[in-house]
Amino acid sequence: MKISHEFVVARPVDQVWDYFQDVPSVADCLPGAELLADKGDGKYSGKVSVKLGPMAATFEGDATVTPDAAAKSGKIDGKGADRRGGSRGQVKVDYQLAAEGSGTKVNLDADVTLSGAAAQFGRTGLINEISGRLIEEFVECVEAKLAATTVEEAAEIKAGEVSGFAVFIQGLIAWLKKLFKRGE
């Protein structure tokens, strides 16, 4: 499934680019994510915990981050498995940063492949709706980290826990609204 998002961070592009190169700090801002190890050469291991309604999954796996400083863009290739539920996931992300006024516009294109129990949510369009809510939380966290006045203050700022039921309900409502608007 393809997911595309565009968002603006209220900071200059060079500052946002530098921040995106600090993978542990970026992981702090991804709701439900935990960086487990930096394996060097842009390779990382981690886990992402997701709770969507009655389904909970913790995907553990690896990701490779490949930045292109000249183009202010990058690629992330990740894959993981939920050992308890048997679901598997794979994601390929392309991102591009560009100056927009005094801020930075970020274009994000992801190709997500899910199998097992988690795949049922990919078919409904809910993943797209839920990812939008999670991106909003990510941007708020990034802006708070970049606004911090000390390294210690920035280190304390982390994304909130993913409130699975609330995110699921918000996503479901947004998805249903879109569905009904198409029928009008």
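Residues numbered from 1 in each chain as written. Predicted model: local features only at pLDDT ≥ 70, side-chain atom pairs only at ≥ 80, totals over all residues. Heavy atoms only, no water.

## So, the nonpolar core
As a reminder of what qualifies: Here, the term nonpolar core denotes a set of buried Ala, Val, Leu, Ile, Met, Phe, Trp, Tyr and Cys residues that are joined through side-chain atoms within 4.5 Å. The classification of residues rests on relative accessible area computed with a 1.4 Å probe and restricted to protein chains. Under 20% of the type maximum is buried, over 50% is exposed, and intermediate values are partly exposed. Strands are runs of DSSP state E lasting at least two residues, helices are runs of H or I lasting at least four, and both sets are numbered from the N terminus onward. By definition in these notes, contact holds between two residues if any of their heavy atoms fall within 4.5 Å.
Among the nonpolar cores identified, the biggest contains 26 residues, and Phe7, Val9, Tyr19, Phe20, Leu97, Phe138 and Val142 are the most heavily contacted of them. Residue contributions to this core peak at 6 residues, all from helix H4 (residues 126-147). In this structure Tyr19 touches Ser25, Val26, Cys29, Val142, Lys145 and Leu146, once residues within four positions along its chain are discounted.

## Re the side chain of Lys145
Heads up, the rule is: Residues adjacent in sequence count toward polar contacts only when both atoms are side-chain atoms; beyond that, a polar contact is any pair of N or O atoms within 3.5 Å, and within protein one must be able to donate a hydrogen and the other to accept it.
Mapped onto the fold, Lys145 is located in helix H4. For Lys145, a relative accessible area of 7% corresponds to the buried category. Here Ala154 takes part through its backbone oxygen, which lies 2.8 Å from a polar atom of the side chain of Lys145. If we ignore the near neighbours within four places in the chain, the residues touching Lys145 are Tyr19, Ser25, Asp28, Cys29, Ala154, Ala155 and Ile157.

## Regarding the confidence of the model for the protein chain
Which entries qualify depends on this criterion: Every residue is assigned a pLDDT by the predictor, reflecting its confidence on a scale from 0 to 100.
Summarising the model, the protein chain shows a mean pLDDT of 83, and 79% of its residues fall at 70 or more. Averaged over each element, pLDDT in the protein chain is lowest for helix H6 (residues 164-183) (53) and highest for helix H1 (residues 13-20) (95).

## Things to note about the packing of aromatic side chains
Convention followed: To pair, rings of Phe, Tyr and Trp, with the six-membered ring standing in for Trp, must have centres within 6.5 Å; the planes then decide the type, stacked if under 30 degrees apart, edge-to-face if over 60, and tilted in the middle.
Within this structure, the stated rule accounts for 5 aromatic pairs. The rings of Phe7, Trp17, Tyr19, Phe20, Tyr95 and Phe138 are connected pair by pair, giving a single aromatic cluster.

## Digging into the state of the cysteines
Using the following cut-off: Cysteine sulfur pairs qualify as disulfides if the two atoms are within 2.5 Å.
All told, the structure shown has 1 disulfide when counted by the stated rule. Covalently, Cys29 is tied to Cys141 through a disulfide, its sulfur atoms 2.2 Å apart. What sets the handedness of the Cys29 and Cys141 disulfide is the S-S torsion sign, and at about -70° it is left-handed. With Cys29 in the loop between helix H2 (23-28) and strand E2 (33-40) and Cys141 in helix H4, the pair connects residues that are 112 residues apart, well separated along the chain.

## A closer look at the environment of Glu136
With respect to the secondary-structure elements, Glu136 resides in helix H4. Of the residues examined, Glu136 reaches a relative accessible area of 45% and is grouped as partly exposed. A sequence separation of 129 residues divides Glu136 from Phe7, and the C-alpha atoms of the two residues are 8.4 Å apart.

## Comments concerning the environment of Ala119
With respect to the secondary-structure elements, Ala119 resides in helix H3 (residues 119-124). Given the relative accessible area of 11%, Ala119 is considered buried. Between the C-alpha atom of Ala119 and that of Arg88, which follows or precedes it by 31 residues, the distance is 8.6 Å.

## A few points about unusual backbone geometry
Phi at Asp41 takes a positive value of approximately 55°, unusual for a residue other than glycine. Looking at the secondary structure, you find Asp41 in the loop between E2 and strand E3 (43-52). At Lys72, a position not held by glycine, the phi torsion is positive, near 50°. The topology assignment puts Lys72 in the loop between strand E4 (55-68) and strand E5 (73-81). Given a relative accessible area of 21%, Lys72 falls into the partly exposed group.

## Here's the deal with H1
Since the α-helix packs 3.6 residues into each turn, any two residues three or four apart lie on the same face. Quick reminder of the rule: As used here, the arc belongs to the directions running from the helix axis to the C-beta atoms.
Here H1 has its buried residues at Val13, Val16, Trp17, Tyr19 and Phe20. The buried residues of H1 occupy one face: seen down the axis, they fall within an arc of 160°.

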